Amino acid sequence: MHDHFNTGLNVEELIRQVGPQLVVELGAGSGLNTRQLAPLCRELGARLIVISDGRKPEVPELAWVDWRWQISYLALKSFTEGSIDVASVDTDHNSWTVDQELGVLAEKVREGGVVVLHDTVSFALNNGYMTGYGSGDSYRIGEMLKDDRTYTEVVRSWVGRGYEVVRETEESNGAVALRRVLL
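Since the structure is predicted, the reported quantities are computational estimates derived from the model, not experimental observations.

Chemist: Please explain the environment of Asp99 as it appears in this structure.
Modeler: One can find Asp99 in helix α4 (residues 95–108). Distance from Asp99 to Asp3, taken between C-alpha atoms, is 24 Å for residues 96 residues apart in sequence. The residues contacting Asp99, other than those within four sequence positions of it, are Arg149, Val154, Trp158 and Arg161. Within the structure, the side chain of Asp99 is placed 3.4 Å from the side chain of Arg149, a separation counted as a polar contact. Side chain to side chain, Asp99 and Trp158 meet in a polar contact 2.8 Å long.

Right, here's the structure in full:
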C-alpha cells in the first residue's frame, strides 16, 4: 500500500478528507506503509493502531504507534462499533481473509469512514496464501481453500452491502478505496 500513499490511490488525500481520530492498518509487513501513515496521523492528531502478524520494527519514529501482534479479523472484533475512521488492508490477499476483514469492518468503521485495499489487480484472477501466521495463530488454509472466489471478487461483493467505491486505480498492483455507508 505504500506505493499508493500520495500517488495512485492517494491514501494521504483520502485520510485528510476523512479527518480521522483513529486509523487502523491491517498487515504491516516490514512497516513501509506504517512509516508513511505515522507522521500523517501525528500531524492530524489521529491515533494509529497497527494489527500485524509481524513484529514492530524497532525504529524511533514508530515508538508511539500502538502495534498489536495479532490476526486482523480476530483483533478487529475488540473495537467499538463505528470507532474506526480509516482502515488500510494489506494482509494475505485471499478471498476468505478479506471477507472476514470487510465483514468485521462493516461494523467497526463509522459511516463515511474509508477502507483502502491493495493488490486488487494482481489478485483479480487468484488468491494469495501464506504458509502460516508469524504470530503462531492457526492459519485456516482449509477454510480459505473452500472459498473459490478471488480476492478481488470478494472486495467487489461488498460494494452495495455497506460500502461504495470512492476511488480505484490499476497502478502498482491495483488499489480501491471503499466508503462505509449505512444500508
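Chemist: Just checking my understanding: could you explain the pattern of salt bridges for this structure?
Modeler: A side chain of one charge can pair with a side chain of the opposite charge when the charged atoms of the two come close. Counted by the stated rule, this structure contains twelve salt bridges. The closest approach of N and O atoms between Glu164 and Arg179, which form a salt bridge, is 3.2 Å. Of this pair, Glu164 sits in strand β6 (residues 163–169) while Arg179 sits in strand β7 (residues 175–180); the two residues are 15 residues apart in sequence, bridging distant segments of the chain. Connected through shared salt-bridge partners, Glu12, Arg16 and Glu43 make up one network.

Chemist: Would you mind going over the side chain of Thr169 with me for this structure?
Modeler: Note that Thr169 resides in strand β6. On the basis of relative accessible area, Thr169 is assigned to the buried category, the value being 12%.

Chemist: Is there a simple way to explain unusual backbone geometry in this structure?
Modeler: A negative phi angle characterises most non-glycine residues, just as the trans form characterises most peptide bonds. Phi at Asn10 is positive, roughly 60°, even though this residue is not glycine. Look at Asn10 and you get buried, because its relative accessible area is 18%. Phi is positive for Asn173, close to 75°, though the residue is something other than glycine. Asn173 gets classed as partly exposed once you look at its relative accessible area, which sits at 41%.

Chemist: When you look at a nonpolar patch on the surface in this model, what are you seeing that I'm missing?
Modeler: A surface patch of nonpolar side chains, amounting to about 260 Å² of accessible area, comprises Tyr129, Ile141 and Leu145. Assignment of secondary structure puts Ile141 in helix α5 (residues 141–146). Judged by its relative accessible area of 34%, Ile141 falls in the partly exposed class.

Chemist: Would you explain the sheet that holds β6 in this entry?
Modeler: Two modes of strand pairing occur in sheets, parallel and antiparallel, and in both the strands are linked by backbone hydrogen bonds. Taken in spatial order, the seven strands of this open sheet run β3-β2-β1-β4-β5-β7-β6, and their pairing is mixed. Only two strands of the sheet have a single partner each, and these edge strands are β3 (66–69) and β6. Adjacent strand axes in the sheet meet at a mean angle of 15° when their direction is disregarded. Pairing between strand β1 (residues 22–26) and strand β4 (residues 84–89): four bridges, direction parallel. Bridging across to β4, Leu26 finds its partner in Val89. The sheet contacts of helix α2 (residues 32–44) involve β1, β2 (47–52), β3 and β4, and relative to β2 the element is tilted by about 160°.

Scoring rules and cut-offs
- Residues numbered from 1 in each chain as written.
- Predicted model: local features only at pLDDT ≥ 70, side-chain atom pairs only at ≥ 80, totals over all residues.
- Heavy atoms only, no water.
- Helix = DSSP H or I, 4+ residues; strand = E, 2+ residues; numbered from the N terminus.
- Contact = heavy atoms within 4.5 Å.
- Polar contact = N/O pair within 3.5 Å; in protein donor to acceptor, adjacent residues only side chain to side chain.
- Salt bridge = Lys/Arg side-chain N within 4 Å of Asp/Glu carboxyl O.
- Buried < 20%, exposed > 50% of the residue type's maximum accessible area, 1.4 Å probe, protein only.
- Patch = residues over 30% accessible without salt bridge, like charges linked within 9 Å, V, L, I, M, F, W, Y side chains within 5 Å.
- Areas by Shrake-Rupley, 256 points an atom, 1.4 Å probe, with all protein chains shown as cover.
- Pairing = 2+ DSSP bridges.
- Axes fitted to C-alpha atoms, helices over the stretch in contact; angles between N-to-C directions.

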